[in-house]
Each structure stands twice: as structure tokens, then as C-alpha cells.
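# A closer look at the structure
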Amino acid sequence: MAELRTAVSRLRRELAAHPAEFPDRVIAEDELAALAAMTSDGAPEIPRLRRSLLLIAGAIGSVSALSRGLSDVRDAVDLFGEPGRG
């Protein structure tokens, strides 16, 4: 959980400092806020983590300056394993 919290915090700071506006920036900011909230509420739901990650990746995936931070968040989400199959 600590790795996810750190990665999300870092990417939020990088996104806030990024000078360029892009169409889906608000989506990325909202989903990062949701991930941050999940890290403080205990064990997050893995499907929700992965959904947020997909939305963030779709929103900022083309912004190369944020790729390292996005990769760190992805790696931290992957530590939770695969979502259960239902």
C-alpha cells in the first residue's frame, strides 16, 4: 500500500507541475485523487484500482514527461495481483 501511495502522490505532483493542458487532464486528476483516497481507506478493490489505472493511462498516456510516474503507479497496482474472476 505504501508503494502505491508514494507513486500516486509523485504522479499527482508531476501532473500538477506539468505546464501543458491536454483534453483529459481532469480525468487523470480525478482518478489520481480516487486512488489516493483508496490508499487511505485500507485495502482497495483490485478491479477499481485497475479501472482507475486504465483511465489515467488513457488520459496521460501520450504525455511523455509523465510516463515514468505512470509506470510507477502501474507497477504499484500490479503488486496487488490480478482481480478475482467472477
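Whatever comes next refers back to the structure up there.
Predicted model, so just to flag it, every value in this text is computed and none were measured. (Residues numbered from 1 in each chain as written. Predicted model: local features only at pLDDT ≥ 70, side-chain atom pairs only at ≥ 80, totals over all residues. Heavy atoms only, no water.)

A tally of helices and strands in the protein chain yields four helices and zero strands. N-terminal to C-terminal, the α/β element order of the protein chain is α-α-α-α. The C-alpha radius of gyration of the protein chain comes to 12 Å, within 12% of the 12 Å expected for a compact globule of 86 residues. On the principal axes, the C-alpha backbone points of the protein chain span a range of 40 × 25 × 20 Å. Within the protein chain, contacts between residues separated by at least 24 positions form 69% of all contacts whose residues are at least 6 apart in sequence. Accessible surface, the protein chain as shown: approximately 5,000 Å² in total, 53% of it carbon and sulfur. Separation between the mean location of the 11 positive side-chain charges and that of the 13 negative ones in the protein chain comes to 2 Å. (Helix = DSSP H or I, 4+ residues; strand = E, 2+ residues; numbered from the N terminus. Rg over C-alpha atoms; globule rule 2.2 N^0.38 Å. Contact = heavy atoms within 4.5 Å. Areas by Shrake-Rupley, 256 points an atom, 1.4 Å probe, with all protein chains shown as cover. Lys, Arg positive; Asp, Glu negative; His and termini not counted. Charge placed at Lys NZ, Arg CZ, Asp CG, Glu CD.)

Quick look at the side chain of Asp72 now. With respect to the secondary-structure elements, Asp72 resides in helix H4 (residues 67–78). The buried category is assigned to Asp72, whose relative accessible area is 17%. Every residue in contact with Asp72, bar those within four places of it in the chain, is listed here: Ala7 and Arg10. (Buried < 20%, exposed > 50% of the residue type's maximum accessible area, 1.4 Å probe, protein only.)

For H4, spanning twelve residues, the distance from its first C-alpha to its last is 16 Å, which sits close to the expected 16 Å at 1.5 Å a residue. Taken together, the buried positions of H4 are occupied by Gly69, Leu70, Asp72, Val73, Ala76 and Val77. Burial along H4 is one-sided: seen end-on, the buried residues are contained in an arc of 155°. Packing partners of the buried residues in H4 comprise helix H1 (2–17), helix H2 (25–40) and helix H3 (46–60). (Expected span 1.5 Å × (residues − 1). Arc of directions from axis to C-beta.)

Running from amino to carboxyl end, H1 crosses H2 at an angle of 155°, the nearest separation of the two axes being 10 Å. When the interaxial angle is binned, H1 and H2 end up roughly antiparallel. Crossing hand, H1 versus H2: left-handed. Residues Leu4, Arg5, Val8, Leu11, Arg12, Leu15 and Ala16 of H1 pack against Arg25, Ala28, Glu29, Leu32, Ala33, Leu35, Ala36 and Thr39 of H2. (Axes fitted to C-alpha atoms, helices over the stretch in contact; angles between N-to-C directions. Parallel < 35°, antiparallel > 145°, perpendicular 65-115°, else oblique. Left-handed = near helix turned anticlockwise from the far one by under 90°.)

What follows covers H3. Spanning 15 residues, H3 covers 21 Å between terminal C-alpha atoms, matching the ideal 21 Å at 1.5 Å per step. Residues of H3 that are buried: Leu49, Arg50, Ser52, Leu53, Ile56, Ala59 and Ile60. Against H1, H2 and H4 lie the buried residues of H3.

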